Amino acid sequence: MNQKFWSKELLNLVPYTPGEQPKINDLIKLNTNENPYPPSPKIQALLSTFNIDDLRRYPDPESSALNKALAEHHQVDSKNIFIGNGSDEVLAHAFMAFFRQSTPILMPDISYSFYSVYCNLYNITAKEIPIDDKFSINLSDYNINNGGIIFANPNAPTGKAITLSEIENLLQKNTESLVIIDEAYVDFGAQSAVKLTKKYDNCLVVQTFSKSRALAGLRIGYAIGHNNLIAALDRVKNSFNSYPLDMLAQAAAIVAIEDDAYFQETLQKIILTREWTNQQLLALGFSVIPSKTNFIFARHNTEDALKIMQHLRDKKIIVRHFTKDKISHYLRISIGTELQMQSMVNELKFFLKL
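So, here is what we can say about the structure in this document.

So, how was this worked out
Residues numbered from 1 in each chain as written. Predicted model: local features only at pLDDT ≥ 70, side-chain atom pairs only at ≥ 80, totals over all residues. Heavy atoms only, no water. Buried < 20%, exposed > 50% of the residue type's maximum accessible area, 1.4 Å probe, protein only. Helix = DSSP H or I, 4+ residues; strand = E, 2+ residues; numbered from the N terminus. Pairing = 2+ DSSP bridges. 1 Å grid on protein atoms, 1.4 Å probe; cavity = no way out; pocket = protein on both sides within 12 Å on 5 of 7 lines; lining within 4 Å. Points joined across faces, edges and corners; volume = space filled by probe spheres on them. Nonpolar A, V, L, I, M, F, W, Y, C, P; charged D, E, K, R; others polar.

1. Examining the pairing of strand 13 (residues 331-334)
Side chains of strand 13 alternate between two faces, with Leu-331 and Ile-333 and Arg-332 and Ser-334 buried alike. When strand 10 (residues 295-300) meets strand 13, the two strands line up antiparallel, connected through four bridges. Following the sheet pairing, Ala-298 is matched in strand 13 by Leu-331. Where strand 12 (residues 320-321) meets strand 13, two bridges bridge the pair, whose relative direction is antiparallel. Looking at strand 13, one finds that His-321 is bridged to Leu-331.

Okay, structure coming up:
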């Protein structure tokens, strides 16, 4: 590859590796934490009646109608919401806006791997705080001098959640730098810190429509925080891409918020299937990390994770493996439909000769 025109910073940049998206018929895809159920059926009705002529115009750069819907949903003011092209973009803007400090930022050593990518991209120094031997984030370890703090709650890929009281205790002590809470999976059983953004001006919560609302294909993310934080994010956005969300995404997101009955129904189905799968894995000799997400993080007590993953792959069931030493014996298994999870369990029984 000819790299003569690349900037020197790019040469050493290690990009994020997204979950595999194989194009295989009859695949049971349990590797990217996608929702196994379709979006609200009301979105289908919306798309069938959308005026295609409108697409020749630029979308609303402020996503004003969606902003209003989110403000009402979370019971905050519209000036406390920032909307971006997926939570990844929102996080990227936040790293640029807040974390280019003289003091290292703090983040867990096992968490969403995009955080490290952003640090490398923006030349941000980070200090990784080890999770404990039970795979928990102990926020008491973060009471040290820092240029900012970020963690996912629930954490990924472990699935463990932190209580709201633990987060508030950190905010009470850490008053001189920003704390970002990445809540991509919060709807599956954890406590959201949105209400803390009204009380602490250094608390920024980031959420997404990709997981619980089954709209990963439309790339809709947002942040909630003090209006001064939102103003900073707007400044970065308008220096990068003033029109982050297209018309269809904005309209679909509003419908998804409005159809709360469908949202709650699918959430409960995923949670029930997660708990069933958890029990099945335990019975098959797995150790399972308690999850508040739409995935399970587990290791078998005697069998090699890579061998299990390859067996499942041979049977057209895809799960995800991570290479970091602390978690290399684990597999992350997204929660699919009841039938999909039953198929996976059956294949595990076959592999284990049970």
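Continuing now.
2. Re the pairing of strand 4 (residues 126-129)
Relative to strand 4, strand 3 (residues 105-108) runs parallel, the two sharing four bridges. Of the residues in strand 4, the one forming a bridge with Leu-106 is Lys-127.

3. What about the layout of surface pockets?
Taken as a whole, the largest pocket spans an internal volume of roughly 1100 Å³. At the level of secondary structure, the elements contributing two or more residues to the lining of the largest pocket comprise helix 4 (86-98), strand 3, helix 5 (114-122) and strand 12. The leading source of residues in the lining of the largest pocket is helix 5, at four residues. Its residues assigned to classes, the lining of the largest pocket shows 19 nonpolar, 15 polar and ten charged. There is about 270 Å³ of room inside the second largest pocket. Taken together, 17 residues make up the lining of the second largest pocket; nearest its centre are His-73, His-74, Asp-187, Ser-192 and Gln-207. Counting residues per element, the lining of the second largest pocket draws most heavily on helix 9 (residues 260-283), which supplies three residues. Of the residues that constitute the lining of the second largest pocket, the class distribution is six nonpolar, seven polar and four charged.

4. Here we look at empty space enclosed by the protein
To find the voids left in a structure, one rolls a probe of water-molecule size over its atoms. The full count for this structure, using the stated rule, is one cavity of 30 Å³ or more. In this model, the largest cavity occupies a volume close to 90 Å³. Along the wall of the largest cavity there are 13 residues; nearest its centre are Ser-40, Ser-212, Arg-213, Tyr-262 and Phe-263. Here the residues of the lining of the largest cavity are counted per class, giving seven nonpolar, four polar and two charged.

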